[in-house]
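Structural overview for review
What follows is the residue order along each chain.
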Amino acid sequence: MMKNKKLFWSFLIILFWQVISMSGTFSSLILPSPYMVIKAFLESIMRGELLNETMYSLIIILEGLFIGTFFAFLLALASIRYKIMEDFVETLIAIAHPLPGIALLPLIILWFGTGRTSVVFVIIHSALWPILLNTTTGFRTIPRIFTDVGHNLGVRGIHLISTIYIPASMPFIISGLRIGWARAWRALISAEMIFGAVGGKGGLGWYIFKQRVFMDTAGMFAALIIIVIIGMLVEDLLFERLEANTIEKWGMTVK
Amino acid sequence: MKKLSLILSIMITLLSIILSGCTIGNQQNLEVSKISVAEQFGLAYAPLQVMKELKLLEKNLPGVEVTWKQLGNTAAIREAMVAKEVDIGFMAIPPFLIGWDKGMDWRIFSGLSKSPVGLVVNNPHIKSIKDFTGKDRIAVPQPGSVQHILLSMACEREFGEPERLDNQLITLAHPDGMNALFSKNDITAHFTAPPYLTKELEVEGMHQILSGSEAMGKDFTFIVGVSTSNFHDKNTKAYKAFIKSLNEAMAYMKQNREATQILLSKAYEMSEEEIEKYMTLEGVSYDNSVAGVPEFAEFMKRNGYISKTPQSINEILWEDVNDEK
Amino acid sequence: MNDFLKAVSISKTYLNENKKLKVLEDISFSIGKGEILCILGASGCGKSTLLRVIGGFERIDKGEILICGNKVLKPSADMVMIFQDYNQLFPWMTVLENVLFPLKVNKIGASAMQRIEISIEYLKLVGLEDFKNYYPHQLSGGMKQRAAIARGLALKPSVLLMDEPFGSLDAITRSNLQNELLDIWRKTEVTIVFVTHDINEALALGDNIIVMDKTPGRIKERIKNFQERPRNRRSDEFLDLYEKIYSMLDVQI
Ligand SMILES: Nc1ncnc2c1ncn2[C@@H]1O[C@H](COP(=O)(O)OP(=O)(O)OP(=O)(O)O)[C@@H](O)[C@H]1O
Ligand SMILES: [Mg+2]
């Protein structure tokens, strides 16, 4: 039902868009018609360019998210294990969390140059802190009863974390991952728009930027379509599935 | 069903508001009460600073409100002109040609400046573009920028392959490119213009392996002034006044060198010595002639950056232009 | 034999925002193996605290808990607590998984198959075998408590600590569960410490009843209940004991 509604509205929006562009009020340099956009989209797909750039962006974001999530968990674990690390991690979050990755970009260029490393670093930065913040909050707010029961039943050490801390904090962890993904995705596209290879691959953001420089507005829209599709897929397929299979099934969603 | 018709009627209302709103906006453009000019930051735009400081346009066009916009890059200027927010813009020839190719209704009305541009490397072993290895990265301000096109021209001459180095190019704004060049761990070369060019060459170990005129094979105009047809046709008085003011500014710069330096040092917050050094740099000149358009157009067409070349030069130059053959 | 589980002059103080609150003072008792001890007292008198102390969940100021002469220092699977809170099952595990989990952790049973058999056996014992694939949030309060009991019993602990496990259930369900608990107790011979504030419940279950005083929690009276099971709740003996305990608690308020 939900899907149908989205489809219905998308259809109306496209119709609306087509009528406006057919009226000739805006030059096609400002607002290309849906027909032109779809043509540009298909052409770009045929050339393989758009898919290549998309793959490039996806691989880079997966890499960054993977590393970011790994370190977020490492720090979260350290902070529940050692009091001193808890204070340290809290300070770290307070400093780094409010900093948008893009604001750090000039500094990152100085430190890591303008290559792929820098983009990965921006993604790690964007994803790490929200995931860490949510995970530690989740760990800290676990109902005491679960850890008491765990102790009572003889669960110790790392087992306590994998079998009790992590599932018990799942609502927090998932929302951390959601925010981390959303921030990383935005940061990735913006970072790619700022630097990329002229001839070689530079990802979706770079593709948009290139279309802008060569005034291919329809091509820009084509890349936006891909971004929207990926956003929807991740949101609807990945996170909604993940939630349905965990916290919703377990009755842990906040109502 | 009721819901659907409600939605439809809302949409139709919205539609009519958008459509009518825009036509009103267009009509306002007919009046000659305002003119809007867009430029970028840099010494290549010096005559515009002189024009502003001496209020030449206000003198030649009394009663008209002039807005000066300093935008971050050429694409932004172009977009502002598409959106009819800007009447007159200044940029390099290749971005102008890309816009013209994409159907923008605009032409060049004047040259603004010539300037040296150069490819600076931080590796003493590289003596020409032939010495670049696959690992060397070269920074340019944008794809499709004059620097990018010039490098492609040089590649065509050297290797017969204009896109030879394209996969090694990265895009960096001038200041970032300069920092990256100095840090040496990221890029080997930077294709840039003054003042960055001069600053880079002053640093030990940096040297220039290619200049703009070497790449092109002749001198060319670095920055040109572009006006939309709408402005040219409908605001002829303002258009003429702008050209007159620009020419007066350039004449003033030639006749009053010292006064110009003082004026510019304030406008750019640079010392008078720096300004002087730049203004007397070989290859720097401010005049209204336009050179290099056919060469750029022909090259860009041949390599697919644009889809057509002008049948006659008058398709892209307004009648007033001092066309330097 | 009578010293299976022993508390030796326990005192416990909580620190609440720098204010000290003495919750337990000088509590001593001992019970034999396989007995049921009920702890009765008004709300807030320290019953849960005492149970947590017995289970090794809390540090104490003074005294010690001994089980077979060994000091209890931390929680162990040999003394399983059924908490007052209904949400003690892990919501991310099905009922069966909840019961299986401690078996796996404590390496009870030779194989995965055998562990499943054990779990189902205990779920049958509490009448939940049909619900083994349900998640806890799909169960009623009483079912959750029964599942928690099955989870505890499957470990074959020597002591079961129960903190008002049937607290806010209706009277009929509660008395059914009490009978069920007695059945299980008979079959498993587990020693039970059972906290409640319901006099009827204490009388129905306990071999011994400790009545607690409030602030600080002290033992007011220890009553032996020799009635044969099943106990007739309308017998004179039952009603006499009820009156006696009622007046004791009444005085407190
Ligand atoms: N973790 C704690 N920290 C501080 N004070 C506590 C803590 N737990 C309990 N207390 C205090 O100790 C006292 C006894 O609490 P306890 O939970 O043992 O009462 P109870 O007899 O179980 O009451 P109820 O019948 O309502 O469950 C109360 O005054 C309570 O405020
Ligand atoms: Mg209690």
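We now turn to the structure provided with this report.

Quick notes on the rules
Note that residues are indexed from 1 along each chain, following the sequence as it is written. Numbering of ligands from 1 and lettering of chains from A proceed in the order in which they are written. Side-chain atom pairs in this predicted model are given and counted only at pLDDT of 80 or more, local residue features only at pLDDT of at least 70, and totals for whole chains, interfaces and linings cover all residues. To obtain the side-chain values, all non-hydrogen atoms of the structure were included, while hydrogens and water were left out. Secondary structure counts use DSSP, requiring at least four H or I residues in a row for a helix and at least two E residues in a row for a strand, with both numbered from the N terminus. The atom set for the radius of gyration is the C-alpha atoms, and the globule formula is 2.2 Å times the number of residues raised to the power 0.38. In this analysis, two residues are considered to be in contact whenever any of their non-hydrogen atoms come within 4.5 Å of each other. Exposure was quantified through the Shrake-Rupley algorithm and a 1.4 Å probe, taking into account, for residues, occlusion by the shown protein chains and nothing else. Counting rule for charge: Lys and Arg are taken as positive, Asp and Glu as negative, and neither His nor the chain ends is counted. Where a charge lies is defined by one atom per residue type, namely NZ (Lys), CZ (Arg), CG (Asp) and CD (Glu). The cut-offs for exposure are 20% and 50% of the maximum accessible area for each residue type, with area from a 1.4 Å probe on protein chains only; residues under the lower value are buried, those over the upper are exposed, and the others partly exposed. One bridge is not enough; two strands pair if DSSP finds at least two bridges between them. As a working definition, buried area equals the accessible area (1.4 Å probe) given up by two parts on being put together, with both sides summed. Salt bridges are identified by distance alone: a Lys or Arg side-chain nitrogen within 4 Å of an Asp or Glu carboxyl oxygen. Here a polar contact is recorded for every N or O atom pair within 3.5 Å, except that within protein the pair must consist of a potential hydrogen donor and a potential acceptor, and residues adjacent in sequence are included only if both atoms are side-chain atoms. For this classification, Asp, Glu, Lys and Arg are treated as charged, while Ala, Val, Leu, Ile, Met, Phe, Trp, Tyr, Cys and Pro are nonpolar and the rest, including Gly, are polar. Here a residue is considered near a molecule or strand provided that any single heavy atom belonging to it is located within 4 Å of it. Atoms of type N, O and S within 2.8 Å of a metal are treated as its donors, and for Na, K and Ca the window is 3.2 Å; water is not considered, so some sites may appear to be missing partners. All axes here are fitted lines through C-alpha atoms, helices being fitted over the stretch that makes contact, and every angle between N-to-C directions spans 0 to 180 degrees. Oblique is the label for any angle not under 35 degrees, not over 145, and not in the 65 to 115 range, which are roughly parallel, roughly antiparallel and roughly perpendicular in turn.

1. Examining the overall build of chain C
Looking only at helices and strands, chain C has seven helices and 10 strands in total. Taken over C-alpha atoms, the radius of gyration comes to 18 Å for chain C, in line with the 18 Å a tight globule of 253 residues would show. Viewed in the frame of its principal axes, chain C has a C-alpha envelope of about 55 × 45 × 40 Å. Sequence-distant contacts, at least 24 apart, represent 69% of the contacts inside chain C between residues at least 6 apart. Entry remark: accessible area of chain C is about 11,800 Å², with carbon and sulfur atoms responsible for 49%. Across chain C, 34 positive and 32 negative side-chain charges occur, with their mean positions spaced 6 Å apart.

2. Structural notes on the pairing of strand 3 (residues 88-91) of chain B
All names here are of chain B. Burial along strand 3 is two-sided: the face carrying Ile-88 and Phe-90 and the face carrying Gly-89 and Met-91 are both buried. As judged from the two bridges shared by strand 1 (residues 34-39) and strand 3, these two strands associate in the parallel manner. Residue pairing for strand 3: Ala-38 is matched across the bridge by Gly-89. Here strand 3 runs beside strand 10 (residues 223-228); their pairing, made up of four bridges, is antiparallel. Bridge assignment links Met-91 to a residue of strand 10, and that residue is Val-224.

3. Observations regarding the interface of chain A and chain C
With 21 residues of chain A at the contact, the number on the chain C side is 27 residues. Buried area between chain A and chain C, both sides added, is near 1,900 Å², and the carbon and sulfur share of it is 67%. Linking chain A to chain C there are one salt bridge. Measuring nitrogen to oxygen at the nearest pair gives 3.0 Å for the salt bridge that ties Asp-148 of chain A to Arg-52 of chain C. Seen at the junction of chain A and chain C, the total is nine residue pairs in polar contact (both at pLDDT 80 or more). Secondary structure elements with two or more residues in the side of chain A that touches chain C: helix 7 (144-152) and helix 8 (157-168) of chain A. Counting residues per element, the side of chain A that touches chain C draws most heavily on helix 7 of chain A, at eight residues. Of the residues assigned to the side of chain A that touches chain C, the class counts are 10 nonpolar, six polar and five charged.

4. What about the interface of chain A and chain B?
Contacts between chain A and chain B engage 31 residues on the former and 34 residues on the latter. Here chain A meets chain B over a buried area of about 2,800 Å², counting both sides, of which 74% is carbon and sulfur. Counting the contacts that link chain A with chain B gives one salt bridge. Across the contact surface, chain A and chain B share three residue pairs in polar contact (both at pLDDT 80 or more). Elements with a minimum of two residues in the side of chain A that touches chain B: helix 1 (2-22) and helix 10 (203-213) of chain A. With seven residues, the single largest contributor to the side of chain A that touches chain B is helix 1 of chain A. Partitioned by chemical class, the residues of the side of chain A that touches chain B number 20 nonpolar, nine polar and two charged.

5. Focus on the site of ligand 1
Residues and elements named next belong to chain C. Around ligand 1 sit 15 residues, and of these Ser-43, Gly-44, Lys-47, Ser-48 and Thr-49 come closest. Between ligand 1 and the protein, one listed contact pairs an oxygen atom with a backbone N or O atom of Gly-44 at 2.8 Å. Measuring from an oxygen atom of ligand 1, one finds a side-chain N or O atom of Lys-47 at 2.7 Å. Computed on the free molecule, ligand 1 has an accessible area of 630 Å², of which 66% lies beneath the protein chains in the complex. For the shell around ligand 1, the secondary structure elements donating two or more residues are strand 1 (5-16), strand 2 (19-31) and helix 1 (47-55).

6. Here we look at the arrangement of the chains
With two pairs of chains in contact overall, the greatest share of contacts is found between chains A and B. Nothing in chain B touches chain C; the tightest C-alpha to C-alpha distance between them is still 38 Å.

7. Re the coordination of the magnesium ion (ligand 2)
All names here are of chain C. Here the magnesium ion (ligand 2) is held by the protein donor atoms Ser-48 (OG) and Gln-84 (OE1), which lie 1.9 to 2.4 Å from it. On the criterion of sequence distance, the pair formed by Ser-48 in helix 1 and Gln-84 in the loop between strand 6 (79-82) and helix 2 (95-105) is long-range, its members being 36 residues apart. For Gln-84, a relative accessible area of 39% translates into the label partly exposed.

8. Remarks on the sheet that holds strand 2 of chain C
All names here are of chain C. The strand order across the open sheet formed by four strands is 2-1-4-5, and the pairing between neighbours is antiparallel. At either margin of the open sheet sits one strand with a lone partner, and together these are strand 2 and strand 5 (70-71). Across the sheet, helix 1 lies against strand 1, strand 2 and strand 4 (62-67), angled at about 65° from strand 2, the strand it touches most.

9. Description of the packing of helix 6 (residues 146-159) of chain B against helix 14 (residues 293-302) of chain B
Residue and element names in this part refer to chain B. Contact geometry for helix 6 and helix 14: axes closest at 11 Å, N-to-C directions at 75°. If you check the angle between helix 6 and helix 14, you find them roughly perpendicular. Packed against helix 6, whose contacting residues are Val-146, Ile-149, Leu-150, Ser-152, Met-153 and Glu-156, the element helix 14 presents Glu-295, Phe-296, Phe-299, Met-300 and Arg-302 at the interface. Looking at the contact of helix 6 with helix 14, its residues break down into seven nonpolar, one polar and three charged.

10. What to know about the pattern of salt bridges
A full pass over the atoms with the stated rule returns 31 salt bridges over all chains. Between Arg-302 of chain B and Glu-156 of chain B there is a salt bridge whose closest N-O contact spans 2.2 Å. On the criterion of sequence distance, the pair formed by Arg-302 of chain B in helix 14 and Glu-156 of chain B in helix 6 is long-range, its members being 146 residues apart. With relative accessibility at 44%, the residue Arg-302 of chain B sits in the partly exposed group. We classify Glu-156 of chain B as partly exposed; its relative accessible area is 23%. Via salt bridges that share partners, Arg-144 and Asp-148 of chain A together with Lys-12, Arg-52 and Glu-58 of chain C belong to a single interconnected network.

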